[in-house]
Structures are given as C-alpha cells and as structure tokens.
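Each chain, written out:
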Amino acid sequence: MQVDLRILRFDPERDTAPHWESYRVEAEPMDRVLNLLTTVKAEQDGTLTFRRSCAHGICGSDAMLINGRNRLACKIRVDQLGKKITVAPLTGLRVVKDLVVDMDTFFSKYRSVMPFLMTDSPAPERERRQSQADRARYDDTTKCILCAACTTACPSFWAQPSYVGPAAIVNAHRFIFDSRDDAGDERLEILADKDGVWRCRTIFNCVDACPRGINITRAILEVSRAVVERSV
Amino acid sequence: MRIDHEALVIGAGGAGLWAALELARAGVSTGVLTKLYPTRSHTGAAQGGVCAALGNQEEDHWEWHMFDTVKGGDYLVDQDAAEVLAHEAIETVIELEHMGLPFNRTPDGKIDQRRFGGHTRNFGEGPVKRACFAADRTGHMILQTLYQNCIKAGVQFYDEYHVVDLLFEGGEGGDGGRAAGVVAYRIADGELHTFGAKAVLLATGGNGRMFSITSNAYSLTGDGMSLAYRHGIPLEDMEFYQFHPTGIYGIGILLSEAARGEGGTLLNADGERFMSRYAPKAMELAPRDMISRAIYLEIRDGRGAGPKKDYVYLDVRHLGRAVIEEKLPDITEFARVYLGVEPLTEPVPVQPTAHYAMGGIPTDLRTRVVRDEANTVVEGLFAAGEAACVSVHGANRLGTNSLVDLLVFGRRAGREMAAYCRAAEAPSIAADVEEPVRSELDALRTRPEGESPSALKAELATLMMDNVGVFRTARMMATAVAGVAAIKDRYTRVRVRDTGRIFNTDLLEARELGYLIDGAEAMASSAIARTESRGAHSRDDYPERDDVNFLAHTLAYRGEAGPSLRYKPVTITRFEPKPRTY
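In this text, all values refer to a predicted model and were calculated from it rather than measured experimentally. (Residues numbered from 1 in each chain as written. Chains lettered and ligands numbered in written order. Predicted model: local features only at pLDDT ≥ 70, side-chain atom pairs only at ≥ 80, totals over all residues.)

Asks: Would you mind showing me how to read the overall build of chain A here?
Replies: Check the secondary structure of chain A and you find eight helices and seven strands. Seen through its C-alpha atoms, chain A measures out along the principal axes to roughly 60 × 35 × 30 Å. Per-residue burial over chain A gives 49% buried out of 232 residues. Within chain A, counting contacts between residues at least 6 apart in sequence, those at least 24 apart form 66% of the total. (Helix = DSSP H or I, 4+ residues; strand = E, 2+ residues; numbered from the N terminus. Buried ≥ 20, exposed ≤ 12 C-beta atoms within 10 Å, placed from the backbone. Contact = placed C-beta atoms within 7 Å.)

And the structure:
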C-alpha cells in the first residue's frame with residue numbers, strides 16, 4: 001500500500017521555522033513508522049534526521065508525535081494509523097533538527113528526584129530479602145524506558161516547563177515504594193515542591209502515551225497520597 | 001576542543017557503566033562517552049536472566065556453571081576466564097541486588113532463578129535453575145540500575161559523543177604504543193573533541209548489524225573492535241558469531257530463551273517437537289548453536305512452516321496465562337505488536353537471528369587488551385563486554401552469559417583501570433591528532449558524487465546473512481570474502497546526502513558502515529581458514545571438530561590485502577575436551 005507520510009522538518013542550518021514535507025512511501029500494513037522513516041532516509045532524503053536504536057520498543061530513542069499522539073516510531077504500525085500519517089517531534093522540548101529534540105532538561109528532571117536506591121543499613125552478605133508482595137508494589141514503574149513520551153504529552157508540562165513531569169515522578173515512585181529504600185522522605189519532600197506532584201491535573205495523556213503500558217496517573221496519585229500522609 | 005580525564009570509558013552499556021562506577025568510587029576522574037544516551041544501550045534489550053550459582057532454588061555450584069560454560073563453548077573457552085566468570089558471577093549479582101536491582105523473588109524473598117539452555121547440575125546431569133531474573137526485562141533492569149548508581153556516584157557522561165579514533169603514544173597500539181585518549185565527534189554540533197587519558201576502556205558492544213536478520217540495535221556496528229583493528233590490534237575468534245534460534249520471523253527481534261526455560265517448546269510444520277532428533281536429553285534447552293542448526297535442517301528438509309516453509313514455531317500456550325503474564329510479559333507483547341500473533345492461543349513464528357559476537361578485542365583476565373599470541377599487553381587500553389574476547393564464550397555463548405560477562409569483566413575493568421591510573425603518568429598528545437579523522441569525515445560529505453552508504457550497507461548485510469550464517473561452506477565463505485573486499489573498495493567512494501554539521505546521522509551511519517565492513521572482513525577471513533566445525537562455526541565440508549589443528553584462537557590482523565591470521569593456544573585447566581552432546 002502507498003502511505004502519505006507528512007513530516008515536520010526543521011534544519012537549523014537552513015530553515016528559520018519548521019515546515020511540513022510530504023513523502024509517498026510503499027509500506028506493508030505490519031510495517032512500523034520507523035520503517036517508513038528509514039525508507040525515506042535511505043531512498044528519498046538522506047538529511048531526514050531522527051533518533052533510533054533498538055527498533056523494538058525497549059531503548060526509548062524514537063518517541064515522537066505520530067498522528068497527534070506520542071508513540072514510539074518502532075512500536076506503532078501502519079495498520080494502526082491508516083494511509084495518512086503525520087510525524088512531528090515531541091512537544092515542549094527544543095527541536096535540535098527534524099524529529100530530534102534536546103533531551104537534557106528531561107534527564108535533569110529525572111536526576112532531580114534521586115532515582116537510585118538509598119539504604120541506611122549496611123549491605124548484608126547475601127541479597128536483601130524482599131517479599132513477592134513488596135516486589136509487586138513497584139513493579140509497574142520499573143518498566144520505564146525514559147523515552148519522554150509521557151512528560152511531553154502532559155499539558156501541565158507544556159504550561160509550566162519547570163514541572164518535574166510524569167516520567168520523573170514514575171521513577172521516584174519506583175524507589176519510594178521499594179521496601180528496601182530508606183530515602184522516601186527526601187524524595188517526597190522534593191515532589192511536594194510547587195513543581196512537583198501537585199501540577200498533575202489527572203488528564204491521563206501520560207497513560208495514553210506510555211509505550212510500556214505503565215499506569216502513570218495512578219503512580220502519581222500514589223506519590224501524591226504519600227506526600228499528604230507525610231505532612232499530616 | 002581538548003578535554004582531559006584520567007580514565008575514559010567508551011560505551012555506556014552494562015560493562016562500561018559498571019567500570020565507570022568502580023572508577024568513580026576509586027576517585028579517578030572519568031569521562032563516559034556514548035553515541036547514544038546511556039539508557040539506550042543494548043544491554044537494556046537483554047531479556048531472560050543472568051546466571052549465578054546462588055543455589056536459591058536448588059543445589060548449585062560455580063564449578064558446574066564453569067563446566068557448562070566451557071562445554072557450551074565447545075572447549076574453545078579459556079578455562080581460567082570461565083572460572084573467573086562463574087565464580088565472580090555470584091558476588092556481582094548480589095552486589096547488583098544491593099544496588100537496587102528489582103529481581104523477581106522466591107516465596108522466601110530471595111532472588112528467583114529459572115532454567116536456561118545449557119545450564120546444568122553436576123556437570124551435565126540435567127537442567128538447573130541458575131538464571132536470576134527480573135521478569136523478561138533483566139537487561140533493562142541491569143542497565144537502569146547501573147545508570148542510577150552512576151548518577152548517585154557523580155559519574156561524568158558525555159552523551160551523544162561518537163568516538164571516531166583512538167590515540168596512542170609512542171607507536172601504534174599494535175606496535176608497542178600506549179593508549180593516550182580518543183577523538184570524539186559531538187553529534188549535536190559536529191565538532192571534534194580530543195579526550196586525553198591514561199586509561200581507555202572499549203565497551204562498545206557487538207556488530208550484529210552486519211547481518212540482515214538481527215536482534216541487534218542499529219547502533220551495534222562494532223565501533224570499538226574496528227578502531228582497535230585499524231590501530232594494529234588483532235580481533236580474536238571473529239568467525240564465532242551466535243545466531244539465536246528464536247528471532248521473530250522476518251524481523252529478528254529476540255524472543256528470549258526464557259520462554260523455553262519456563263517450558264516453551266519448538267515445533268515444526270507438522271507440530272512435532274523436532275529437537276528430539278538433535279538433542280534428545282536437553283531438547284529445547286540445548287545450546288543455541290545446536291538449536292539454530294536444528295531449525296536450519298528442519299527448514300532445509302521441508303518441515304518449515306508458513307507459505308515459504310521457512311520458519312518454525314515457538315509454543316508457550318501450555319504455560320498458561322499466569323506464567324506468561326508474570327514471567328514473559330515483554331516477549332508476549334513483542335509477538336502481538338510485531339507479528340500480530342497472540343501467544344496465549346497461537347504458536348509464534350520464529351527463525352534464527354544474528355545475535356552475539358563471541359569474538360572481539362583480545363584481553364587478558366585483567367581486561368587489558370593484548371595484541372599477540374604471547375598476550376603482550378597494550379598499555380593503557382582495556383576492553384570488556386561483547387566488544388572484548390577474554391574468552392569466556394569460546395565457540396558458542398550460553399544464554400545469560402553475556403550479562404554475566406559484562407558485569408564480571410566490566411567490574412574488573414574499572415578496578416584494574418583505577419589501579420593503573422594511580423601508577424601511570426599522563427600521556428602526551430600531539431596537536432594535530434584530529435586531522436586524519438577530520439579529513440575522512442570531510443571526504444564522506446564533500447565528495448562531488450558517490451554511491452549511497454545505506455544501499456551498500458544493505459548489500460553487506462545480505463551478503464553476510466546468506467554466506468556466513470548458521471551453516472557455511474568454503475564456496476559460501478569465499479563468496480563472502482570476495483564480496484566484502486568489493487564492498488570495502490566501493491566504500492572508499494560513498495558520499496552522504498546530508499552535508500550539515502548539526503546532528504548529522506547520515507554522516508555517522510556512513511562512518512559506522514566502515515566499522516561493519518572491518519568486522520565482516522575479519523569474520524569471513526577467519527571463518528574460511530578454520531577448516532573444522534566447532535560451536536557456532538558449522539561447515540558442511542568439514543563437519544567434525546578438529547582439536548589437533550584448531551583447538552586454538554584465531555587472531556585476525558588488518559592488512560592492506562586483507563587480514564592476516566595467526567593462532568594462539570586455548571587455556572585448559574580443569575576440563576579436557578570431550579565430544580559435546582546434549
């Protein structure tokens with residue numbers, strides 16, 4: 001089948017503003033958008049620029065705005081989108097070139113929530129024990145691949161770029177609810193800040209955007225509840 | 001621009017990150033350079049587990065793990081290295097748990113373990129539960145956990161810096177020179193940077209993208225291997241390349257061996273568990289090389305499934321929804337997304353997929369790069385993970401041992417480099433070291449005309465897939481040797497379409513193609529010279545293993561007229577070579 005692919009292009013060395021370009025690409029229904037992009041780059045325009053690596057939804061390189069929703073280009077198929085497909089960079093991050101956005105602010109938000117295990121007790125000889133129920137408590141938020149699809153789908157982030165955003169909260173959740181961790185208090189203090197969890201308006205865009213199926217809004221609400229419980 | 005550190009880590013997968021962590025803990029000024037963001041590294045795609053003889057589920061000993069590794073590698077494994085691997089696997093896995101890795105748990109709260117191919121109790125008696133796992137995203141959790149701990153330790157990252165050359169002082173790397181740093185291309189703006197350091201670690205992963213059907217990320221183009229090779233350092237055992245039996249049909253995305261570890265079966269078009277013909281005892285838990293060959297033979301003999309009779313089925317239906325959703329959620333989703341197949345109710349079409357380089361940059365047990373059959377050390381240069389060949393995998397790697405390798409030897413690399421940096425003087429670097437690579441990159445983008453690198457890359461991948469795959473003959477490999485030489489020649493005349501400075505991926509893909517060609521050249525030449533069948537190197541014309549002539553590692557040195565080959569002996573300590581049956 002022929003797909004009409006429209007891509008929002010921007011080359012800072014040539015363009016003053018982003019512009020749409022159209023490509024006609026031969027595709028199979030099971031092809032993914034990443035296949036279309038690599039075909040265009042190989043056969044029609046070598047200057048088309050996008051990040052990609054694993055090509056099966058696990059590395060998080062190729063999140064972009066596809067037919068109006070944040071998706072991984074390697075995980076969304078042509079048959080799920082139809083014959084007209086539009087692709088644009090993620091919203092709310094500076095565009096470096098074409099579909100590549102500047103990820104630095106996204107990763108600094110991630111680092112700000114202390115996304116690492118902190119324990120007060122010395123490490124035992126063997127593993128720390130953890131019950132299956134305790135392990136299950138934070139399972140969902142361990143799936144995050146830091147693709148930024150959630151944060152850049154969030155209207156609260158668009159309105160207030162200083163908002164720490166859903167991805168950082170997901171990664172804080174992963175430690176706050178890990179029974180082995182002793183630094184939940186410090187993280188909750190960070191997230192109680194004006195740019196923390198209270199900026200969430202439960203719009204659920206993040207849940208729709210997450211390619212890993214994480215229930216992000218629930219995770220944010222659980223962290224919010226923990227912030228409240230801590231302050232009373 | 002010039003940046004100095006005491007140590008540089010090239011690549012931010014599991015091996016690089018653990019090395020960086022050790023260096024940071026030791027107070028050594030370290031820069032980590034990655035052409036991606038660290039969390040994009042392909043360690044994150046590893047699924048099934050990481051083996052360590054913890055004995056949490058049943059009796060197990062590291063000596064059994066060592067034996068399985070040696071036998072799995074068809075006795076080409078250096079046994080002193082396998083001993084380090086199996087022994088230190090235990091403390092590294094425990095340390096990962098202490099760092100926060102969310103392993104699945106047993107009912108009493110210990111790290112859960114499951115079966116994996118080729119891992120046995122009591123020197124081959126039967127399967128053992130040795131693979132420690134976090135659902136089927138163990139690699140993802142390893143990568144995340146190590147990155148998290150690097151953040152905690154204040155490791156300095158240079159994200160999206162593409163290393164394009166190695167620097168040596170006092171001669172080439174292969175000729176007595178000492179590592180002095182690297183040249184890196186900053187992807188954001190196309191600027192070259194010279195990084196000076198006393199110690200450099202190559203942890204750049206494998207080169208599966210030289211094949212057309214592969215589980216490997218686009219990024220896996222063998223950069224570190226190629227750069228070492230270009231500086232006179234040999235590549236070891238490149239003919240041993242693993243084809244994983246269960247790639248998604250037509251695409252190559254991996255469906256973890258964990259599916260079989262949990263009880264999944266392989267079926268041919270007649271619905272028959274064909275492994276009974278090839279490995280009656282181990283069945284679907286035989287090593288990967290044997291299963292990939294079995295699939296190839298089933299297809300060759302007309303028992304493949306589908307309209308072209310060119311795949312077999314992975315069947316997990318009988319495992320039930322609970323096991324599939326709790327222990328194999330990701331690969332179940334892969335089948336749904338990429339094939340439109342529902343594994344709960346349908347068998348999944350699979351075919352062998354290019355997966356892992358057993359060979360690579362030769363190192364000693366201390367991860368120091370060595371450059372000849374006498375193991376002469378290249379001072380200041382280290383390698384670990386899939387880029388390296390220490391050699392713990394020999395002729396065929398066992399499932400999960402890639403993760404064990406990068407953890408154990410990544411950790412060793414960091415410690416070894418920290419000790420080296422304390423004693424070594426800072427090297428001196430000449431002023432014009434960026435010039436050679438600058439002119440190479442400029443040529444790619446300023447040639448008035450030239451063929452497209454992406455078309456040439458596709459040709460290379462098809463050539464290698466067709467001729468240096470699961471089964472090989474002299475005729476096929478000769479086709480590959482000649483074909484790679486022709487592609488190498490044409491590569492000198494390619495031209496990229498994007499001539500810009502900012503985020504020029506067109507240019508970098510062309511550069512990467514050069515690395516792939518180097519790896520393919522070393523692989524094809526090493527393969528045709530090995531007139532035996534051993535592990536993943538399987539020849540129709542020489543079907544038997546030949547320990548008299550080929551119980552030896554290949555060393556391929558770069559030469560103008562193609563690689564020259566030398567051989568070094570295999571280290572044998574505990575286990576004398578025996579016929580390999582499962």
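Asks: Help me understand the nonpolar core in this model?
Replies: Note that soluble globular proteins tend to have their nonpolar side chains buried in a common cluster. Residue and element names in this part refer to chain B. Judged by nonpolar contacts, the single largest core of 271 residues is most densely connected at Ala19, Val200, Leu201, Ile361, Ala384 and Met417. Ranked by residues supplied to this core, first place goes to helix 14 (residues 505-529) with 13 residues. The residues contacting Ile361, other than those within four sequence positions of it, are Leu202, Gly224, Met225, Ala228, Ile233, Leu235, Val369, Ala383, Ala387, Ala388 and Cys389. (Core = buried A, V, L, I, M, F, W, Y, C linked by C-beta atoms within 7 Å.)

Asks: Sorry, what's going on with the confidence of the model for chain B here?
Replies: A residue-level look at chain B finds 100% of positions with pLDDT of 70 or above and a mean pLDDT of 97. For this predicted complex, the interface score ipTM comes out at 0.98, while the overall pTM is 0.97. (pLDDT = per-residue confidence, 0-100.)

Asks: What is the right way to look at the domain arrangement of chain A in this model?
Replies: Many authors give the size of an interface as the accessible area that is lost as the parts come together. All names here are of chain A. As far as domains go, chain A holds domain 1 (2-100) and domain 2 (104-231). Here the C-alpha centroids of domain 1 and domain 2 sit 29 Å apart. Listed per partner, the contact involves 14 residues of domain 1 and 15 residues of domain 2. In terms of residue count, strand 4 (residues 69-72) provides more of the side of domain 1 that touches domain 2 than any other element does, four residues in total. Of the residues contributing to the side of domain 1 that touches domain 2, the split by class is six nonpolar, five polar and three charged. (Domains from an automatic or database assignment. Nonpolar A, V, L, I, M, F, W, Y, C, P; charged D, E, K, R; others polar.)

Asks: Explanation requested: the interface of chain B and chain A in the structure shown.
Replies: Listed as interface residues are 43 residues of chain B and, on the opposing side, 38 residues of chain A. Mapped onto the side of chain B that touches chain A, the elements with two or more residues apiece are helix 3 (79-99), helix 4 (138-153), helix 9 (329-339) and helix 14 of chain B. The dominant element in the side of chain B that touches chain A, judged by the number of residues it contributes, is helix 4 of chain B, at six residues. Residues that form the side of chain B that touches chain A fall into these classes: 19 nonpolar, 15 polar and nine charged.

Asks: What is the right way to look at the domain arrangement of chain B in this model?
Replies: Residue and element names in this part refer to chain B. For chain B, the assigned domains are domain 1 (244-354) and domain 2 (435-545). Placing a centre on the C-alpha atoms of domain 1 and another on those of domain 2 gives a separation of 30 Å. In this complex, domain 1 contributes five residues to the contact, which on the side of domain 2 involves five residues. Within the side of domain 1 that touches domain 2, the residues separate by chemical class into two nonpolar, one polar and two charged.

Asks: Sorry, what's going on with the sheet that holds strand 3 (residues 63-66) of chain A here?
Replies: The strands making up a sheet associate through backbone hydrogen bonding, with each pair oriented either parallel or antiparallel. Residues and elements named next belong to chain A. In spatial order, the strands read 2-1-5-3-4; together these five strands make up an open sheet with mixed pairing. Single-partner strands in this sheet number two, and they are strand 2 (19-26) and strand 4. In this sheet, neighbouring strand axes are inclined to one another by 35° on average, regardless of whether the strands run parallel or antiparallel. In the sheet, strand 1 (residues 2-9) pairs with strand 2 via eight bridges, with the strands oriented antiparallel. Across the sheet, Asp4 pairs through a bridge with Arg24, a residue of strand 2. Along the sheet, helix 1 (residues 33-43) contacts strand 1, strand 2, strand 3 and strand 5 (84-88); its crossing angle with strand 2, the most-contacted strand, is approximately 100°. (Pairing = 2+ DSSP bridges. Axes fitted to C-alpha atoms, helices over the stretch in contact; angles between N-to-C directions.)

Asks: What's the story with the environment of B:Leu266 in this structure? I'm lost.
Replies: Residue and element names in this part refer to chain B. Tracing the backbone shows Leu266 in strand 14 (residues 265-267). Along the primary structure Leu266 and Asp315 are separated by 49 residues, whereas in three dimensions their C-alpha atoms are 6.1 Å apart. Leaving out residues up to four positions away in the same chain, Leu266 has contacts with Arg273, Phe274, Met275, Glu284, Val312, Tyr313 and Leu314.

Asks: Can you walk me through the sheet that holds strand 11 (residues 199-202) of chain B in this structure?
Replies: Residue and element names in this part refer to chain B. Read from one edge of the open sheet, six strands run 7-3-2-11-19-18, paired in mixed fashion. The outermost strands of the open sheet, each flanked by one partner alone, are strand 7 (156-159) and strand 18 (368-370). Recorded for the sheet is a direction-independent mean angle of 30° between the axes of neighbouring strands. Strand direction decides the pairing type here: strand 18 and strand 19 (residues 377-383), joined by two bridges, are antiparallel. Each residue of the ladder has a partner; that of Arg368, found in strand 19, is Phe382.

Asks: Please clarify how the environment of B:Leu460 should be interpreted in this entry.
Replies: Residue and element names in this part refer to chain B. With respect to the element layout, Leu460 can be found in helix 12 (residues 453-467). A residue is classified by how many C-beta atoms lie within 10 Å of it, and Leu460, with 25 of them, is buried. Excluding its chain neighbours within four sequence positions, the residues that come into contact with Leu460 are Met210, Ile487, Leu516, Ile517 and Ala520.

Asks: Can you help me understand the packing of helix 2 (residues 62-72) of chain B against helix 3 of chain B in this one?
Replies: When two helices pack together, their arrangement is captured by the angle between the axes and the distance separating the axes. Residue and element names in this part refer to chain B. One can describe the packing of helix 2 onto helix 3 by two numbers: an axis separation of 8 Å at closest approach and a directional angle of 135°. Put simply, helix 2 runs oblique to helix 3. Regarding helix 2 and helix 3, the two cross each other, and that crossing is right-handed. Each of Trp62, His65, Met66, Thr69 and Val70 in helix 2 lies in contact with helix 3, whose residues at this interface are Gln79, Ala82, Glu83, Leu85, Ala86, His87, Ala89 and Ile90. Within the contact of helix 2 with helix 3, the residues separate by chemical class into eight nonpolar, four polar and one charged. (Parallel < 35°, antiparallel > 145°, perpendicular 65-115°, else oblique. Left-handed = near helix turned anticlockwise from the far one by under 90°.)

Asks: Explanation requested: the pairing of strand 6 (residues 126-132) of chain B in the structure shown.
Replies: Along any regular strand the residues' side chains alternate between the sheet's two faces. Residue and element names in this part refer to chain B. Most of strand 6 is tucked away, with five of its seven residues classed as buried. Two strands pair when backbone bridges link them, and strand 4 (residues 50-51) and strand 6 are joined in this way by two bridges, in the antiparallel orientation. Note on strand 6: the bridge partner recorded for Val50 is Cys132. In this sheet, strand 6 lies alongside strand 5 (residues 113-121) in antiparallel orientation, the contact comprising five bridges. In the sheet register, Arg115 faces strand 6, and the bridge partner there is Lys129. Hairpin remark: strand 5 followed by strand 6, antiparallel, with four residues in the connecting loop; positive phi at Asn122, about 50°.

Asks: So what exactly am I meant to see when it comes to the packing of helix 2 (residues 104-112) of chain A against helix 5 (residues 165-176) of chain A here?
Replies: All names here are of chain A. Closest axis-to-axis distance for the helix 2/helix 5 pair is 8 Å, and the angle between their directions is 30°. Put simply, helix 2 runs roughly parallel to helix 5. Crossing hand, helix 2 versus helix 5: right-handed. For the pair helix 2 and helix 5, the contacting residues are Lys109, Tyr110 and Ser112 in the first and Gly165, Ala167, Ala168 and Asn171 in the second.

Asks: I'm lost on helix 1 of chain A in this one. Help?
Replies: Owing to its 3.6 residues per turn, the α-helix brings residues three or four apart onto one side. Residues and elements named next belong to chain A. Taken as a whole, helix 1 has its buried residues at Val33, Leu34, Leu36, Leu37, Val40 and Lys41. One side of helix 1 holds all its buried residues, which, seen down the axis, span an arc of 160°. On its buried face, helix 1 sits against strand 1, strand 2, strand 3 and strand 5. (Arc of directions from axis to C-beta.)

Asks: Explain the pairing of strand 3 (residues 30-34) of chain B here, please?
Replies: Residues and elements named next belong to chain B. In terms of burial, strand 3 is largely enclosed, as five of its five residues are buried. Burial of the side chains of strand 3 extends over both faces: Thr30, Val32 and Thr34 are buried on one face and Gly31 and Leu33 on the other. Of the pairings in the sheet, the one linking strand 2 (residues 7-10) to strand 3 comprises four bridges and is parallel in character. Across the sheet, Leu8 pairs through a bridge with Gly31, a residue of strand 3. Read from strand 2 through helix 1 (residues 14-25) to strand 3, the crossover connection turns out right-handed. Note that strand 3 and strand 7 share four bridges and pair parallel. Its bridge partner being in strand 7, Gly31 is matched across the sheet by Gln156. (Right-handed = clockwise from strand over helix to strand, strands pointing away.)

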